Amino acid sequence: MSLDSLDEFLRTVRDDLGLDIAIPEGADTALVDLPGWDSLNLLRLVALLEESGHRVPVHRLLEAHRLREIHTLMKEYG
């Protein structure tokens, strides 16, 4: 699964986590303002990233406030 583009990342997060995310506007919505976002979805997102070969340190994910920031971290850590 390729998550390189922001739109593909958002689509995958929306579909796999079952969140109502507008594309591309949802990238800049604060995580706390995403309908249905909670700590369980953060763990599911960590698993999704790892399954796709992207290992982002969890402490960095906890510092992120928007999906765009998580996507940037994912690209930064490969």
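Look a little higher up for the structure.
Keep in mind the model is a prediction, meaning the values are calculated, not measured.

Peer 1: What is the right way to read the side chain of His-54 from this model?
Peer 2: Tracing the chain through its elements places His-54 in the loop between α2 (39-51) and α3 (58-63). A distance of 3.0 Å separates a polar atom in the side chain of His-54 from the backbone oxygen of Gly-78. Discounting residues that sit within four places of it in the chain, His-54 has contacts with Leu-3, Leu-49, Met-74 and Gly-78.

Peer 1: Would you mind showing me how to read the nonpolar core here?
Peer 2: Nonpolar side chains in soluble globular proteins tend to be buried together. The biggest cluster of nonpolar side chains holds 24 residues, and the ones touching the most others in it are Phe-9, Val-13, Leu-45, Leu-49, Leu-67 and Ile-70. Elements supplying a minimum of two residues to this core: α1 (6-17), α2 and α4 (67-77). Apart from the residues lying within four places of it in its own chain, the contact partners of Val-13 are Gly-18, Leu-19, Ile-21, Leu-45, Leu-48 and Leu-67.

Peer 1: Mind showing me how you'd approach unusual backbone geometry here?
Peer 2: Residues other than glycine predominantly adopt negative phi, and peptide bonds predominantly adopt the trans conformation. Note the cis peptide between Ile-23 and Pro-24, where omega equals 5 degrees. Topologically, Pro-24 is positioned in the loop between α1 and α2.

Rules of the game
Residues numbered from 1 in each chain as written. Predicted model: local features only at pLDDT ≥ 70, side-chain atom pairs only at ≥ 80, totals over all residues. Heavy atoms only, no water. Helix = DSSP H or I, 4+ residues; strand = E, 2+ residues; numbered from the N terminus. Polar contact = N/O pair within 3.5 Å; in protein donor to acceptor, adjacent residues only side chain to side chain. Contact = heavy atoms within 4.5 Å. Core = buried A, V, L, I, M, F, W, Y, C linked by side-chain atoms within 4.5 Å. Buried < 20%, exposed > 50% of the residue type's maximum accessible area, 1.4 Å probe, protein only.

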